[in-house]
Amino acid sequence: MALLETRGDYEFADIMRRVASSLEQVSESLEKVINKDTITDEQIKDVIKSYPKEDLLDLLNYDQKDFIYRSVWTEHVKEDVHSICEDEGYDEVYTPDMAEKIAYRYVFEGDYDCNLSYWQNLKNLFVEEK
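What you see is a predicted model; the values in this text were computed from it and never measured. (Residues numbered from 1 in each chain as written. Predicted model: local features only at pLDDT ≥ 70, side-chain atom pairs only at ≥ 80, totals over all residues. Heavy atoms only, no water.)

1. A look at the nonpolar core
Moving on, step 1. The biggest cluster of nonpolar side chains holds 14 residues, and the ones touching the most others in it are Val77, Val81, Ile102, Tyr106 and Leu122.
Moving on, step 2. If you list the elements that add at least two residues to this core, you get α6 (62-88), α7 (96-107) and α8 (118-129).
Moving on, step 3. Examining the composition of this core, we find that six residues originate from one element, α7, more than from any other.
Moving on, step 4. Ignoring anything within four residues of it in the chain, the contact list for tyrosine 106 reads Trp73, Val77, Asp111, Tyr112, Tyr118, Asn121, Leu122 and Leu125. (Core = buried A, V, L, I, M, F, W, Y, C linked by side-chain atoms within 4.5 Å. Buried < 20%, exposed > 50% of the residue type's maximum accessible area, 1.4 Å probe, protein only. Helix = DSSP H or I, 4+ residues; strand = E, 2+ residues; numbered from the N terminus. Contact = heavy atoms within 4.5 Å.)

2. Topic: the packing of α7 against α8
Moving on, step 1. At a minimum axis separation of 10 Å, α7 and α8 run at an interaxial angle of 125 degrees. In terms of orientation, α7 lies oblique with respect to α8. Of the two possible hands of crossing, α7 and α8 adopt the one that is right-handed. Residue-level contacts link Met98, Lys101, Ile102, Arg105 and Tyr106 of α7 to Tyr118, Asn121, Leu122, Leu125, Phe126, Glu128 and Glu129 of α8.
Moving on, step 2. Partitioning the contact of α7 with α8 into residue classes produces seven nonpolar, one polar and four charged. (Axes fitted to C-alpha atoms, helices over the stretch in contact; angles between N-to-C directions. Parallel < 35°, antiparallel > 145°, perpendicular 65-115°, else oblique. Left-handed = near helix turned anticlockwise from the far one by under 90°. Nonpolar A, V, L, I, M, F, W, Y, C, P; charged D, E, K, R; others polar.)

3. Some thoughts on the pattern of salt bridges
Moving on, step 1. Enumeration over the complete set of coordinates arrives at eight salt bridges.
Moving on, step 2. Aspartate 97 is paired through a salt bridge with lysine 101; the nearest N and O atoms lie 3.5 Å apart. Pair noted here: aspartate 97 and lysine 101 are both in helix α7, with a separation of four residues, about one helical turn.
Moving on, step 3. The residue aspartate 111 makes a salt bridge to arginine 105 at a minimum N-O spacing of 2.6 Å. (Salt bridge = Lys/Arg side-chain N within 4 Å of Asp/Glu carboxyl O.)

4. Some words on helix α4 (residues 41-50)
Moving on, step 1. Of the positions making up α4, those classed as buried are Gln43, Ile44 and Val47. The arc that holds the buried residues of α4, viewed along the axis, is 105 degrees, so those residues lie on one side. (Arc of directions from axis to C-beta.)

5. Observations regarding the packing of aromatic side chains
Moving on, step 1. One pass over the structure, following the stated rule, counts eight aromatic pairs.
Moving on, step 2. Measuring from ring centre to ring centre gives 5.9 Å for tryptophan 73 and tyrosine 106, while their planes differ by 85 degrees; the resulting arrangement is edge-to-face. Note that tryptophan 73 is positioned in helix α6 and tyrosine 106 in helix α7, a separation of 33 residues in sequence.
Moving on, step 3. Since its relative accessible area comes to 25%, tryptophan 73 is described here as partly exposed.
Moving on, step 4. A ring pair is formed by tyrosine 104 and phenylalanine 108, whose centres lie 5.1 Å apart and whose planes are at 20 degrees; its orientation type is stacked.
Moving on, step 5. Accessibility expressed as a relative area gives 41% for tyrosine 104, which makes it partly exposed.
Moving on, step 6. Given the relative accessible area of 31%, phenylalanine 108 is considered partly exposed.
Moving on, step 7. Taken together, the ring pairs connect Tyr69, Trp73, Tyr106, Tyr112, Tyr118 and Trp119 into an aromatic cluster. (Phe/Tyr/Trp six-rings, centres within 6.5 Å; stacked < 30°, edge-to-face > 60°.)

Below, the structure written as structure tokens:
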């Protein structure tokens, strides 16, 4: 907090108001909103964490939302790849790197057959990767 105390309460309150009223700027150009020489990254993260999550989503553009969606989806696909390997007895061939590649192909590249089930598509990608 020593860094904040040197700026004074008024300046800090003004900075926080600007961040809260325009969080979209945080993702595009945070340096224009906050002087990072006087405010720490941890303090910036605290402001973002305290912002209502429903409002945060409204501030994101389509590409940002899509990237977050696909990143979370990728994590779930990686878990499912691991489950398939356990169920099919491929534990000895499974690697986290392989799961990452399969998940990326499935989620970001759309490498799947619409006529097959989700699980069959993951099995097929696994066979190609091993």
